[in-house]
Amino acid sequence: MFKTIEQSFQVSYRYKLFFTEGLFQVENHLFRDLIRSYKDEPVKLLFVIDSGVAEAHPSLKEEISTYCEKYATNLSHTQNIIVQGGEACKNGEEHVNQVLDAINDYAICRHSFVVVIGGGAVIDMAGYAAAIAHRGVKLIRIPTTVLSQNDSAVGVKNSINFFGKKNFVGTFAPPYAIINDTLFLKTLEHRDWISGISEALKVALIKDLDFFKFVEKNALKLSKRDMEAMQYTIYRCAEMHMHHIAQGGDPFESGSSRPLDFGHWAAHKLEHLTNYKIRHGEAVAKGIVLDVAYAHLTGLITEQDFNRVVSVFQNIGFDLSFPLDSDQEVSQLLKGIEEFREHLGGKLTITLISAIGVKHDVHEIDEDLMKEALNLVNEISNLKQFNFAN
Ligand SMILES: NC(=O)c1ccc[n+]([C@@H]2O[C@H](COP(=O)([O-])OP(=O)(O)OC[C@H]3O[C@@H](n4cnc5c(N)ncnc54)[C@H](O)[C@@H]3O)[C@@H](O)[C@H]2O)c1
Ligand SMILES: [Zn+2]
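These numbers were taken from a predicted model, which means no experiment stands behind them. (Residues numbered from 1 in each chain as written. Chains lettered and ligands numbered in written order. Predicted model: local features only at pLDDT ≥ 70, side-chain atom pairs only at ≥ 80, totals over all residues. Heavy atoms only, no water.)

Trainee: Sorry if this is basic, but what is going on with the packing of aromatic side chains here?
Mentor: Here a ring pair, both rings aromatic, is described through the centre-centre distance and the interplanar angle of the planes. Counted under the stated rule, the structure contains 17 aromatic pairs. Ring centres 4.9 Å apart and planes at 80° place the aromatic pair F113 and Y176 in the edge-to-face group. Of this pair, F113 sits in strand β4 (residues 113–118) while Y176 sits in the loop between β7 (165–172) and β8 (177–181), placing them 63 residues apart in sequence. On the accessibility criterion, F113 (0% relative accessible area) is buried. Of the residues examined, Y176 reaches a relative accessible area of 25% and is grouped as partly exposed. By way of ring pairs, the aromatic residues F24, F31, F47, Y67 and Y71 are connected into one cluster. (Phe/Tyr/Trp six-rings, centres within 6.5 Å; stacked < 30°, edge-to-face > 60°. Helix = DSSP H or I, 4+ residues; strand = E, 2+ residues; numbered from the N terminus. Buried < 20%, exposed > 50% of the residue type's maximum accessible area, 1.4 Å probe, protein only.)

Here it is in structure tokens:
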């Protein structure tokens, strides 16, 4: 015999993504209004700033202080802490502890905010720290790269890398709000300007032919840093990511399918294998083209569609080659398939496409064919091919 008490409740989430320019210019009320909409009294704020952003925007810290002083009735500024920018901040606990220390030192509670300004890596890391401090303090994300503005910062996940595996430790924790400020994009290195476009092509390829056509048509403009083309690319990509999270039926990924990770099994493994020398978005471009090549070799898509996908990535300026030096490294890469399954749990589900704009899930990967696909991708990128017979 047994007794049962059943528990059931629902929690709904609502958050906004704002688009602006010059967020901390005193005449811009957006940030003040956002905090005031939470509570019309001074609210404690801890700013966590990416070191790359702090370097590229030397007056940012002062602008934040001036802004908070001007709106002191709503904004109680505690400190700006600078954290290591880039993937290094996600490797190990050191940087998470730096943010936790500051949350403790400045008595940031659940009625205060951590405001993180930076690329996707810093946002993932600081978001994780905010999610575990006091079991969750509020987070405002201010993403400063293309990839973080159109993908990584608009969702519900945060993480750090552990055991040599991408995003092994982390939580699902929706933010209070996200604010995309165009001005930050102007100081990006060219590779960071380009790399985030791969996530836009990712959603376009699995969901939206028209968006693919837009990126295809504007590939050259995007490669030449045309801000208007980039703004639409970011807007549409972010919109599609947010729509998928809210309407896709699995915001906290308890199933085994994760279409927004199209191209990511290889990307995550390659990031690790290259010791994070390549950016996430650069690895995603390679991973997508590899899976599209595989889809072509299995007969899912035409050669014409395959070439079309390759051309758009190349016209934007992506290097699609896989910089692997040995057969062992290729085997390592292929281990990414099982690691990808393990991360989500359940049955292997790899998203491919059956046409541009149409996703197609498969539950098995033919490794020999995947190796052929790898050679095909390296061939079109003029890189040496592997002789798998050795
Ligand atoms: N949480 C998610 O759902 C999710 C989704 C996709 C990707 N990600 C993660 O996002 C990370 C990649 O993010 P990323 O592509 O933004 O790269 P990044 O965060 O590594 O930043 C790249 C470099 O740009 C610098 N930088 C940032 N903003 C700048 C600016 N405005 N001007 C000049 N330099 C600037 C950084 O200091 C860093 O050196 C990866 O760790 C990836 O796993 C997370
Ligand atoms: Zn990604």
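That was the structure; now back to the text.
Trainee: Please explain helix α12 (residues 227–247) as it appears in this structure.
Mentor: Think of an α-helix as 3.6 residues a turn; residues three or four steps apart then line up on the same face. An ideal rise of 1.5 Å per residue puts 30 Å on 21 residues; α12 measures up with 29 Å between its terminal C-alpha atoms. Listed as buried for α12 are M227, A229, M230, T233, I234, R236, C237, A238, M240, H241, H244 and I245. For α12, the side-chain oxygen to backbone nitrogen distance between the N-cap and E228 is 3.0 Å, and the N-cap itself is D226. The first or second residue beyond α12 is G249, which carries a positive phi of 85°. (Expected span 1.5 Å × (residues − 1). Polar contact = N/O pair within 3.5 Å; in protein donor to acceptor, adjacent residues only side chain to side chain.)

Trainee: What am I meant to see in the coordination of the zinc ion (ligand 2) here?
Mentor: For a metal with four tetrahedral donors the ideal donor-metal-donor angle is 109.5 degrees, while six octahedral donors give ideal angles of 90 or 180 degrees. Every protein donor of the zinc ion (ligand 2) is accounted for by E199 (OE), H264 (NE2) and H280 (NE2), and the metal-donor separations fall at 2.0 to 2.1 Å. If you list the donors of the zinc ion (ligand 2) from N- to C-terminus, the spacing comes out as E-x64-H-x15-H. One end of the pair, E199, is in helix α9 (residues 197–207); the other, H280, is in helix α14 (residues 280–297), with 81 residues separating them in the sequence. (Donors = N, O, S within 2.8 Å, 3.2 Å for Na, K, Ca; no water.)

Trainee: Help me understand the pattern of salt bridges, please; the structure alone is not making it clear to me.
Mentor: Note that side chains of opposite charge can pair when their charged atoms are close. Within the structure shown, the criterion is met by 20 salt bridges. A salt bridge links D33 to R36, with the nearest nitrogen and oxygen atoms 3.5 Å apart. Here R36 and D33 lie together in helix α1 (residues 30–38), a separation of three residues that amounts to about one turn. For E253, the salt bridge is made with K157, and the minimal N-O distance between the two is 3.0 Å. Taken together, the residues E253 in the loop between α12 and α13 (264–273) and K157 in strand β6 (residues 157–162) connect sequence positions 96 residues apart. A residue is classified by how much of its surface remains accessible, and K157, at 30% relative accessible area, is partly exposed. (Salt bridge = Lys/Arg side-chain N within 4 Å of Asp/Glu carboxyl O.)

Trainee: Is there a simple way to think about the nonpolar core in this case?
Mentor: Buried together is how nonpolar side chains tend to be arranged in soluble globular proteins. The biggest cluster of nonpolar side chains holds 70 residues, and the ones touching the most others in it are L205, W265, L290, F313, I316 and F322. Examining the composition of this core, we find that ten residues originate from one element, α14, more than from any other. Leave out the neighbours within four places in its chain, and F313 touches S198, L201, L205, A285, I288, V289, F318 and L320. (Core = buried A, V, L, I, M, F, W, Y, C linked by side-chain atoms within 4.5 Å. Contact = heavy atoms within 4.5 Å.)

Trainee: When you look at the domain arrangement of the chain in this model, what are you seeing that I'm missing?
Mentor: Interface size is commonly expressed as the accessible area that is lost once the parts come together. According to the domain assignment, the chain contains domain 1 (16–187) and domain 2 (191–222 + 250–380). Relative to domain 2, the C-alpha centre of domain 1 lies at a distance of 29 Å. The interface of domain 1 with domain 2 comprises 16 residues on the first partner and 20 residues on the second. When the area that domain 1 buries against domain 2 is broken down by residue, the three leading residues are L147, K166 and F172, summing to 33%. The interface formed by domain 1 and domain 2 holds four salt bridges in total. The salt bridge involving E271 is made with K166; its shortest N-O contact spans 3.1 Å. Linking domain 1 with domain 2 are five residue pairs in polar contact (both at pLDDT 80 or more), by the criterion used here. Of all elements in the fold, only α6 (146–152), β6 and β7 reach the threshold of two or more residues within the side of domain 1 that touches domain 2. Split into classes, the residues belonging to the side of domain 1 that touches domain 2 amount to six nonpolar, five polar and five charged. (Domains from an automatic or database assignment. Buried area = accessible area lost by both parts, 1.4 Å probe. Nonpolar A, V, L, I, M, F, W, Y, C, P; charged D, E, K, R; others polar.)

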